[in-house]
Amino acid sequence: MTQTNETFDTSNAAKTGSGPTFLVAMEQYEPPAQRIIDDDLAAKVLPGGERFFLKLLRIPLLRKWMINLSEKQITGASSAFLCRKRYIDETVSAAVENGSVAAIVNLGAGFDTRVYRLPALATIPAWEVDQPVNIEAKEKGLQSALGTIPAHVTLVPINFLTQDLGEVLNSHGYAGDEKTFFIWEAVSQYLTETAVRQTFQYLSQAPAGSQLAFTYVLKDFIEGQNLHDEEKFYDRMIVKEKIWHFGFVPEEVADFLNEYGWRLIEDLSYEELNNRYAKPTGRDLPSMLIERMVYAEKS
């Protein structure tokens, strides 16, 4: 994916790489029966300063304060990141276990830990792609937590502004000739439409039977037509910091995917994910309204 025609800066997006993993790590302080997701590696791969702060959140009162702070920034944050990761965990594990895919490519991997902790993914070749600053920090975290980078995982630094995704993956040993599970979690909103389409142009070359899980933000929120009662968050992410650029219309996702040779399997609201994963724990957590989860298969 190469961006050449638009002024575009991904540095602010890179700064968000550890946030979801921090919330996953904090979730491990909840009683096992009430956890949305289990991840004993999340805290270990985070940068040192975040690990120190995380230890303070063992105290229930401070943890409650942190959750309330997250909810003030965007309603549903305390469950959205956890539920979407749980969904992707289950989906990719099932695809590997039933032999549907033979490789994993995580685009914008951040500090995600699934290829290191899920038993089904323990040996399948996996490529984690992200900006160099995030790859460097993650490599340090993994070496601290595991002692080394597991042999089945390749970390792939990329400059999304100047480098071609296919060429970079190929140079790191990904031939692209096997059915692959692509993960594109919390990335599309940080890109322009040109960059999103360039990514899908690359995905259009994937072998039939490949699978894709990705999240997207609603277009009406990005364009300010419907703020879904999140005026402060809109003002921060789009007006002031200008780090969110692109969104989808749910009714148009299937046609968009078809344009690039993909078939929609599921397009889920976070309320649906919340009902599936959060409510069974007995916790009453609000749902994020502005983001959705997609699961698709290459035709």
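Details of the structure are given in the entry above.
Residues numbered from 1 in each chain as written. Predicted model: local features only at pLDDT ≥ 70, side-chain atom pairs only at ≥ 80, totals over all residues. Heavy atoms only, no water.

Asker: Quick question: what am I supposed to make of the environment of aspartate 220 here?
Answerer: Mapped onto the elements of the fold, aspartate 220 is located in helix H11 (residues 219-222). In sequence terms aspartate 220 and phenylalanine 246 are 26 residues apart; their C-alpha atoms lie 9.9 Å from each other. Residues in contact with aspartate 220, not counting those within four places in the same chain, are Gln225, Asn226 and His228. (Helix = DSSP H or I, 4+ residues; strand = E, 2+ residues; numbered from the N terminus. Contact = heavy atoms within 4.5 Å.)

Asker: Is there a simple way to explain the nonpolar core in this structure?
Answerer: For soluble globular proteins, the rule of thumb is that nonpolar side chains tend to be buried together. With 61 residues, the main nonpolar core has Tyr87, Ile104, Leu121, Phe181, Phe221, Trp244 and Leu273 as its most contacted residues. Per element, the largest residue contribution to this core is ten residues, and it comes from helix H6 (residues 77-97). Core analysis: the second largest hydrophobic core is formed by 35 residues, Trp127, Leu165, Phe214 and Ala296 among them. (Core = buried A, V, L, I, M, F, W, Y, C linked by side-chain atoms within 4.5 Å. Buried < 20%, exposed > 50% of the residue type's maximum accessible area, 1.4 Å probe, protein only.)

Asker: Whenever I open this one, the sheet that holds strand S3 (residues 153-157) confuses me. Can you help?
Answerer: Within a sheet, adjacent strands bond to each other through the backbone by hydrogen bonds, running parallel or antiparallel. Read across the open sheet, the seven strands follow the order S3-S2-S1-S4-S5-S7-S6; overall the sheet is mixed. Single-partner strands in this sheet number two, and they are S3 and strand S6 (262-269). Neighbour-to-neighbour, the strand axes of this sheet turn through a mean angle of 15°, independent of strand direction. Relative to S3, strand S2 (residues 126-130) runs parallel, the two sharing five bridges. Within S3, the position partnered with tryptophan 127 by the bridge is threonine 154. Together, strand S1 (103-107), strand S4 (180-184), strand S5 (211-217), S6 and strand S7 (291-298) form the strand contacts of H6, whose direction differs from that of S7 by roughly 10°. Sheet strands touched by helix H14 (residues 270-278): S5, S6 and S7. Its angle to S6, the strand with the most contacts, is close to 70°. (Pairing = 2+ DSSP bridges. Axes fitted to C-alpha atoms, helices over the stretch in contact; angles between N-to-C directions.)

Asker: Explanation requested: a nonpolar patch on the surface in the structure shown.
Answerer: Taken together, Phe52, Leu56, Ile59, Leu61 and Leu62 make up a surface patch of nonpolar side chains, about 500 Å² in accessible area. Of all the elements in the fold, those that place two or more residues in the nonpolar patch are helix H4 (48-56) and helix H5 (60-73). One can find leucine 61 in helix H5. Leucine 61 gets classed as exposed once you look at its relative accessible area, which sits at 65%. (Patch = residues over 30% accessible without salt bridge, like charges linked within 9 Å, V, L, I, M, F, W, Y side chains within 5 Å. Areas by Shrake-Rupley, 256 points an atom, 1.4 Å probe, with all protein chains shown as cover. Salt bridge = Lys/Arg side-chain N within 4 Å of Asp/Glu carboxyl O.)

Taken by themselves, the reported measurements are silent on function.
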